[in-house]
Amino acid sequence: MLPLLISYTYLLLSTNIYIADAAAGKSIFILAGQSNMSGRGGVVNLTWDGYVPRESSPNPSILRLSANLSWELAGEPLHRDIDVAKVCGVGPGMAFANSLLGKDPRFGVVGLVPCAIGGTNISEWARGGGLYNQMMRRTKAAVCGGGVIRGLLWYQGESDTLTLEDAEAYKKRLHRFFEDVRVDLRLPLLPIVQVKCPNHIPV
């Protein structure tokens, strides 16, 4: 029993040391938006089926910032302790990070900062609001131990299609949001990847 305990303790310490070392030089990406970013893949009848596609598989070079602001090895669901009011499943974050490292290993270790909350509209992400402040707090905590913010992945907009007023104001509100993020992070050229869903309008 004692040798087993010693082996487990050594493995745990080795893993924590690896994560701490890896986190120091990570490339950080913010994941923000609503349910599609948070991850609903595989969720049926309020239950996640547990299936993780190959492109979203865990990778020792991909970390996630947990709700308690500590780095850990990333795995689906990435938003499990962030979007806590909903059932989370597979989202685009892990597939993005795996694809990025596959195309350019020079990114080294990728640090993902989950911030998405399902069912939110763009007004709820405005500067000074709760979601914006939480995203900023988490992002600034992410760089405390080292690393560089490389980009923001934004997947949101469905909640702004419910009224014509919100739909027409979306572009202006979104541009303001992007500008505020770049100003508050002091990264005027921060790359932003915005996902657009197909409009399903028949031709």
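In every chain, residue numbers begin from 1 and rise along the written sequence. Only residues with pLDDT of 70 or above have their local features reported here, since the model is predicted, and side-chain atom pairs are shown and tallied only from 80 upward, although totals for entire chains, interfaces and linings are computed over all residues. Hydrogens and water molecules were not included; the side-chain quantities draw on all heavy atoms of the structure.

Paired strands, in this sense, are two strands between which DSSP finds at least two bridges. Helix and strand assignments come from DSSP, with helices taken as H or I runs of at least 4 residues and strands as E runs of at least 2, each series counted from the N terminus. Strand order in the open sheet made by the 6 strands is S5-S4-S6-S1-S7-S8, with mixed pairing throughout. The open sheet has two free edges, formed respectively by strand S5 (71–73) and strand S8 (192–194), since each of these has just one partner strand. Taken over all neighbouring pairs, the strand axes of this sheet differ in orientation by 25° on average, direction set aside. Relative to strand S6 (residues 110–114), strand S1 (residues 27–33) runs parallel, the two being bridged by 5 bridges. Across the sheet, the residue bridging to Leu31 is Pro114, located in S6. In this description, a line fitted to the C-alpha atoms serves as the axis of each element, helices being fitted only across the stretch in contact, and the angle between N-to-C directions of two axes falls anywhere from 0 to 180 degrees.

This part covers the pattern of salt bridges. Here, a salt bridge means any Lys or Arg side-chain nitrogen found within 4 Å of an Asp or Glu carboxyl oxygen. For the structure shown, the criterion picks out 9 salt bridges. Across the pair Arg64 and Asp81 runs a salt bridge whose closest N-O atoms are separated by 2.4 Å. In this pair, Arg64 sits in strand S4 (residues 62–65) while Asp81 sits in the loop between S5 and helix H3 (93–103), placing the two residues 17 residues apart along the sequence. Using a 1.4 Å probe on the protein chains alone, a residue whose accessible area is under 20% of its type maximum counts as buried, one over 50% counts as exposed, and one in between counts as partly exposed. Overall, Asp81 belongs to the partly exposed group, its relative accessible area being 27%. Of the charged contacts in the structure, one is a salt bridge between Asp180 and Arg176, with a shortest N-O distance of 3.2 Å. Pair noted here: Asp180 and Arg176 are both in helix H5 (residues 164–184), with a separation of 4 residues, about one helical turn. One network of salt bridges, in which partners are shared, links Arg64, Glu72, Arg80 and Asp81.

The next thing to look at is the packing of aromatic side chains. By convention, a stacked pair of Phe, Tyr or Trp rings (six-membered ring in the case of Trp) has centres within 6.5 Å and planes under 30 degrees apart, an edge-to-face pair has planes over 60 apart, and any other such pair is tilted. According to the stated counting rule, one finds 8 aromatic pairs in the structure shown. Relative to Phe96, the ring of Phe29 lies with its centre 5.1 Å away and its plane at 75°, an arrangement referred to as edge-to-face. Of this pair, Phe29 sits in strand S1 while Phe96 sits in helix H3; the two residues are 67 residues apart in sequence, bridging distant segments of the chain. For Phe29, a relative accessible area of 6% puts it in the buried group. Taking the centre distance of 6.2 Å and the plane angle of 55° together, the rings of Phe29 and Phe107 count as tilted. With Phe29 in strand S1 and Phe107 in the loop between H3 and S6, this residue pair connects regions lying 78 residues apart in the sequence. Grouped by ring-pair contacts, the aromatic residues Trp125, Tyr132, Trp154, Phe177 and Phe178 constitute a single cluster.

Glancing now at the pairing of S1. Counting buried positions over the 7 residues of S1 gives 7, a clear majority of the element. With burial as the criterion, each face of S1 is covered, one bearing Ser27, Phe29, Leu31 and Gly33 and the other bearing Ile28, Ile30 and Ala32. Across 7 bridges, S1 lies against strand S7 (residues 148–155) in parallel orientation. By the bridge assignment, Gly33 is partnered in S7 with Tyr155.

Turning next to unusual backbone geometry. Across the junction of Glu76 and Pro77, the peptide omega takes the value -10°, indicating a cis bond. By the secondary structure assignment, Pro77 is in the loop between S5 and H3. Of note in this structure, Leu69 is not a glycine but carries a positive phi near 65°.

Bringing the nonpolar core into the picture now. The nonpolar core is taken to be a set of buried Ala, Val, Leu, Ile, Met, Phe, Trp, Tyr and Cys residues, with the residues joined through side-chain atoms within 4.5 Å. In this structure, Met135, Leu152, Trp154, Phe177 and Val181 are the most contacted members of the largest nonpolar core, which totals 29 residues. Breaking this core down by element, the ones donating at least two residues are S1, S4, helix H4 (130–142), S7 and H5. Those residues in contact with Met135 that sit more than four places away from it in its chain are Ile30, Ala32, Cys115, Trp125, Phe177 and Val181. Residues are treated as being in contact if the distance between any of their heavy atoms lies within 4.5 Å.

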